[in-house]
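Here is what each chain is made of, one letter per residue.
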Amino acid sequence: MTEAEALAALRDDDPVLASRAEATLWEIWCRSGIPEVDRLLRQGIEAMERHELEDAVALFTRIIERAPDFAEGWNKRATARYVAEDYPGAVADCEETLARNPHHFGALSGQGLCHMALGQFREAAALFRRALTVHPHLTSANHNLAAALSEAVKGNGH
């Protein structure tokens with residue numbers, strides 16, 4: 001399945017096909033084609049799994065320096081920054097990810113989570129909606145959209 005086919009399959013009525021398409025997209029997106037970068041990506045993911053967030057951010061930064069057009073380097077650094085509660089840094093990295101891969105539902109949803117953490121519920125809702133446009137079966141985005149809308153109503157959107 002190509003990336004275009006997988007993106008189309010995300011919107012299919014068959015949740016099994018959509019799930020397979022999602023897995024395919026993650027496989028595609030996590031391959032840079034540069035062995036050194038792919039090794040650094042694995043090391044960064046392992047550092048995040050060990051909750052060594054500073055090390056993970058440093059490894060993902062090395063990826064960005066080596067291969068600035070590789071969207072997943074930006075996305076993984078955004079994830080590490082989000083876990084470290086550096087929400088503005090994570091938002092910036094999500095924006096860089098989306099500049100390189102506008103269909104990256106993970107970055108769309110992740111940026112939405114950052115805006116939720118910052119109390120920016122309208123912005124969060126808009127991002128969750130965009131994520132659901134790309135990947136209608138993304139359950140977490142559906143739940144987070146409902147939460148963002150609820151908070152936006154309580155606080156008049158801010």
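Whatever comes next refers back to the structure up there.
Below is a short write-up of the structure. Bear in mind the structure is a predicted one, so any value in this text is a computation, not a measurement.

### As for the packing of aromatic side chains
Okay, step 1: Per the stated rule, a full pass over the model turns up 4 aromatic pairs.
Okay, step 2: Ring centres 5.3 Å apart and planes at 50 degrees place the aromatic pair Trp29 and Phe105 in the tilted group. Of the two residues, Trp29 sits in helix H2 (residues 15-29) while Phe105 sits in helix H7 (residues 105-117), which places them 76 residues apart along the sequence.
Okay, step 3: Using a relative accessible area of 2% as the deciding quantity, one classes Phe105 as buried.
Okay, step 4: Joined through ring pairs, the aromatic side chains of Trp26, Trp29 and Phe105 make up one cluster.

### Quick word on the pattern of salt bridges
Okay, step 1: If you walk through the whole model with that rule in mind, you get 8 salt bridges.
Okay, step 2: Asp86 is the salt-bridge partner of Arg81, the closest N and O atoms lying 3.8 Å from each other.
Okay, step 3: The partner of Glu151 in a salt bridge is Lys154, with the nearest N and O atoms 3.2 Å apart. Separated by 3 residues within a single helix, Glu151 and Lys154 lie in helix H9 (residues 139-154), roughly one turn from each other.
Okay, step 4: Beyond isolated ion pairs, a larger network of salt bridges with shared partners links Arg77, Arg81, Asp86 and Asp93.

Parameters at a glance
Residues numbered from 1 in each chain as written. Predicted model: local features only at pLDDT ≥ 70, side-chain atom pairs only at ≥ 80, totals over all residues. Heavy atoms only, no water. Phe/Tyr/Trp six-rings, centres within 6.5 Å; stacked < 30°, edge-to-face > 60°. Helix = DSSP H or I, 4+ residues; strand = E, 2+ residues; numbered from the N terminus. Buried < 20%, exposed > 50% of the residue type's maximum accessible area, 1.4 Å probe, protein only. Salt bridge = Lys/Arg side-chain N within 4 Å of Asp/Glu carboxyl O.

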